[in-house]
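Each chain, letter by letter, is given below.
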Amino acid sequence: MSGKFNSNCIFSTLCLFLGVILIFNFIGCADNNEPAVKETPKLDNYILPKPLSYKKGEGEFSLSKDTIIYVKGNNKEETEEIYKIGKYFKDKIKTSTDFELIIDKSLGEMNNSITLTTVNGEKNLGDEGYKLSVTEKGIEIVAYTPEGIFRGIQSLRQLLPVEIESRDVVENHHWNIPFVEIEDKPEYEYRGIMIDVARHFFPVEDIKKQIDLVAQYKINKLHLHLSDDQGWRLEIKKWPDLTNIGSKSEVGGGKGGYYTQEDFKEIVKYAADRYIEVIPEFDMPGHTNAALASYGFLNADGKKKEHYTGIDIGFSSLMCRDEKTYEFIEDIIREVSEISPSKYIHIGGDEADSTSKEDYKYFMGRVSKIVEKHGKVPIGWDPADTSEDISSNFILQNWSGSNKSARETNLKMIISIAKKSYLDMKYHEDIKLGLKWAGYISIIKGYDWDPTNYAPKELILGIEAPLWSETLRNQEDMDYMIYPRVLGYAEIGWTPKEGRNTGEYIQRMKENAKRLELQGVNYYKDPSLWK
Ligand code: TNX
């Protein structure tokens with residue numbers, strides 16, 4: 001009797017023990033361990049993001065110094081726009097090939113040529129889709145809009161040998177391109193990256209470099225986080241102390257900095273030439289110490305706050321029931337809407353821990369109406385969706401995973417789930433740069449998910465990977481956190497879920513890392529992937 005009891009007892013203890021191990025393992029797999037990756041056979045192309053369809057032919061076209069670029073649109077204006085894209089491609093390949101290709105504004109006979117055209121471009125490819133064909137006669141990119149041609153040019157760059165990205169002339173190289181028929185268009189219309197220029201300021205040239213780099217992966221939005229507790233980064237003519245005082249700090253006590261309105265326009269133009277839309281953000285009502293330090297009237301006691309150079313959050317708030325606050329905000333929104341062609345203005349709304357819930361909801365409603373009055377669509381971080389006062393056009397940028405109200409009211413969403421897409425999270429524990437509050441995000445973990453895990457497909461506008469800059473001080477630091485992870489986000493945004501596969505992605509990513517290397521990017525070479 002006692003023997004039976006004992007063996008029963010041992011059996012149940014063992015079961016419990018095994019059960020606990022299993023549960024721990026499961027949790028571990030879900031959150032910490034790398035997802036298992038199957039080896040995939042060698043690929044027939046390394047274009048990233050992976051195109052929708054790729055039909056390989058037999059043979060190769062050889063680019064030479066005599067190759068002509070033909071450009072032609074459906075009207076004069078379009079031809080001029082495509083000419084600029086032709087020029088962009090010509091300049092891109094000039095350094096390594098030393099070819100000075102001729103660009104001709106006509107549709108010449110296909111013979112040792114690259115034709116870029118919207119003539120007979122099909123509407124069903126959308127604004128960003130394109131067809132790219134390479135035959136013995138040459139290369140042709142046909143799209144419905146010039147933007148589609150620009151996206152196609154990025155695929156063409158990646159069909160050329162990696163040495164095309166070299167910053168010196170490569171002598172005696174054969175610039176061969178495989179025969180192929182590609183038909184391609186994106187899954188999501190919004191494929192973005194965010195750069196926090198408030199915690200640390202980055203000069204115009206650094207931002208331009210990042211624009212140029214992400215454009216090659218068909219990223220089409222750059223969200224600039226222009227204000228936070230540590231600094232105000234855009235000149236506002238009506239309120240000059242925002243930059244006279246508010247811009248002169250950053251994390252760690254550096255000198256800070258700001259963009260003049262002319263600088264901002266220059267960034268916008270540079271991005272637009274690469275078919276990237278710049279979306280300005282002013283974070284409110286929390287994350288506002290820099291504004292509170294600039295003007296006493298924004299504070300309850302009428303006194304300016306001190307500069308803040310730490311990395312805490314949740315301690316600052318605008319006064320949400322004071323009309324002076326809204327007059328001030330309207331001046332800012334008015335000036336920005338005049339210099340920013342984007343249809344969006346981002347009004348922040350995250351971590352307003354020093355604002356009461358009621359005030360927060362009222363504030364987000366009031367400010368989004370100001371944005372709409374100036375002809376723009378407001379975007380806000382969650383929990384802005386909980387405000388009953390926002391309109392049905394409001395776009396939620398979802399970072400925490402909670403978007404219940406947005407689902408109930410059918411708001412469109414940009415998916416930026418912190419534990420999957422935050423570019424400032426460390427790759428793993430030994431990385432010096434970055435934070436870890438949302439967990440480590442390895443290259444594979446950053447790729448191995450889908451936006452539809454977080455919201456219904458029909459409500460997803462797209463995805464964005466934010467780079468918060470508390471720990472990042474310069475271009476090299478930014479590069480290290482952005483690359484190569486952003487390639488994964490670019491592919492999640494472009495390539496349909498069914499077409500994506502982690503084993504393939506690793507091969508595409510590693511091949512592209514060779515290009516990044518030649519471009520001088522300080523990317524993170526994960527030792528577990530480069531064995
Ligand atoms: C959370 S998520 C923030 C930022 C920080 C970031 C650091 C969100 C909208 N806000 O204020 O910079 O974490 O990772």
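Preceding block: the structure.
Let me sum up the structure you'll find in this document. Position numbers for residues start from 1 in each chain and track the written sequence from start to end. Only residues with pLDDT of 70 or above have their local features reported here, since the model is predicted, and side-chain atom pairs are shown and tallied only from 80 upward, although totals for entire chains, interfaces and linings are computed over all residues. Computation of side-chain values: all heavy atoms of the structure, hydrogens and water removed.

Remarks on the packing of helix α8 (residues 323-339) against helix α9 (residues 357-373)
Thought 1: Interhelical geometry of α8 versus α9 gives an angle of 35° and a closest axis separation of 10 Å. As for how α8 packs across α9, the hand of that crossing is right-handed. Two secondary-structure elements touch here, α8 through E323, T325, Y326, I329, E330 and I333 and α9 through Y362, F363, R366, V367, I370, V371 and K373.
Thought 2: Classification used: nonpolar for Ala, Val, Leu, Ile, Met, Phe, Trp, Tyr, Cys and Pro, charged for Asp, Glu, Lys and Arg, polar for all others including Gly. A breakdown of the residues in the contact of α8 with α9 according to their chemical character gives 8 nonpolar, 1 polar and 4 charged. Angles shown run from 0 to 180 degrees and are taken between the N-to-C directions of axes, each axis being a line fitted to C-alpha atoms and, for helices, limited to the stretch in contact. Helix and strand definitions here come from DSSP, where helices need a minimum of 4 consecutive H or I residues and strands a minimum of 2 consecutive E residues; each element is numbered from the N-terminal end. By convention, the crossing between two helices is left-handed when the near helix turns anticlockwise from the far helix through less than a right angle, and right-handed when the turn is clockwise. Contacts are assigned to residue pairs with any non-hydrogen atoms lying within 4.5 Å of each other.

Re the pairing of strand β9 (residues 221-225)
Thought 1: Each residue's exposure class comes from its accessible area (1.4 Å probe, protein chains only) as a fraction of the maximum for that residue type: buried when under 20%, exposed when over 50%, partly exposed otherwise. Along β9, 5 of the 5 residues are buried, which leaves the element largely enclosed by surrounding structure.
Thought 2: Residues of β9 alternate between two faces, with K221, H223 and H225 on one and L222 and L224 on the opposite face, all of them buried.
Thought 3: Here a strand pair is declared whenever DSSP counts at least two bridges between the two strands. Here 5 bridges tie strand β8 (residues 190-196) to β9, and the two strands are oriented parallel to one another. In the sheet register, M194 faces β9, and the bridge partner there is H223.

Focus on helix α6 (residues 261-272)
Thought 1: Given a helix with a known number of residues, its expected span is that number minus one, times 1.5 Å. In a regular helix each residue adds 1.5 Å, so 12 residues correspond to 16 Å; α6 covers 16 Å between its end C-alpha atoms and thus fits that length.
Thought 2: Of the positions making up α6, those classed as buried are Q261, F264, I267, V268, Y270 and A271.
Thought 3: For α6, the secondary structure elements touched by its buried residues are α4 (204-215), β9, β12 (277-284) and α8.

Topic: the pattern of salt bridges
Thought 1: A side-chain nitrogen of Lys or Arg and a carboxyl oxygen of Asp or Glu constitute a salt bridge if their distance falls within 4 Å. Going through the model one piece at a time under the given rule, you end up with 37 salt bridges.
Thought 2: Put simply, K209 and D479 hold a salt bridge, and the shortest N to O gap is 3.1 Å. A residue pair is termed long-range when its members are at least 10 positions apart, and K209 in helix α4 and D479 in helix α13 (residues 475-482) qualify at 270 residues.
Thought 3: For K209, a relative accessible area of 26% translates into the label partly exposed.
Thought 4: Note that E277 is salt-bridged to K221, the shortest N-O span being 2.8 Å. Remark: K221 occurs in strand β9 and E277 occurs in strand β12; sequence separation between them is 56 residues.
Thought 5: Via salt bridges that share partners, K90, K94, D98 and E100 belong to a single interconnected network.

Quick notes on the site of the ligand
Thought 1: One heavy atom suffices: a residue is near a molecule or strand as soon as one of its heavy atoms comes within 4 Å of it. Near the ligand, the surroundings consist of 13 residues, among which R199, Y422, D424, W437 and E470 are the closest.
Thought 2: Polar contacts, as used here, are pairs of N or O atoms within 3.5 Å; protein pairs need one atom able to donate a hydrogen and one able to accept it. Residues neighboring in sequence count only if both atoms are side-chain atoms. Taking R199, its side chain carries an N or O atom lying 2.7 Å from an oxygen atom of the ligand.
Thought 3: In the environment of the ligand, an oxygen atom lies 3.2 Å from a nitrogen or oxygen atom belonging to the side chain of E351.
Thought 4: Reported accessibility uses the Shrake-Rupley method at a 1.4 Å probe radius. Residues are deemed covered only where the shown protein chains occlude them. Coverage of the ligand by the protein amounts to 97% of the 360 Å² it exposes when considered alone.
Thought 5: Residues that form the shell around the ligand fall into these classes: 7 nonpolar, 1 polar and 5 charged.

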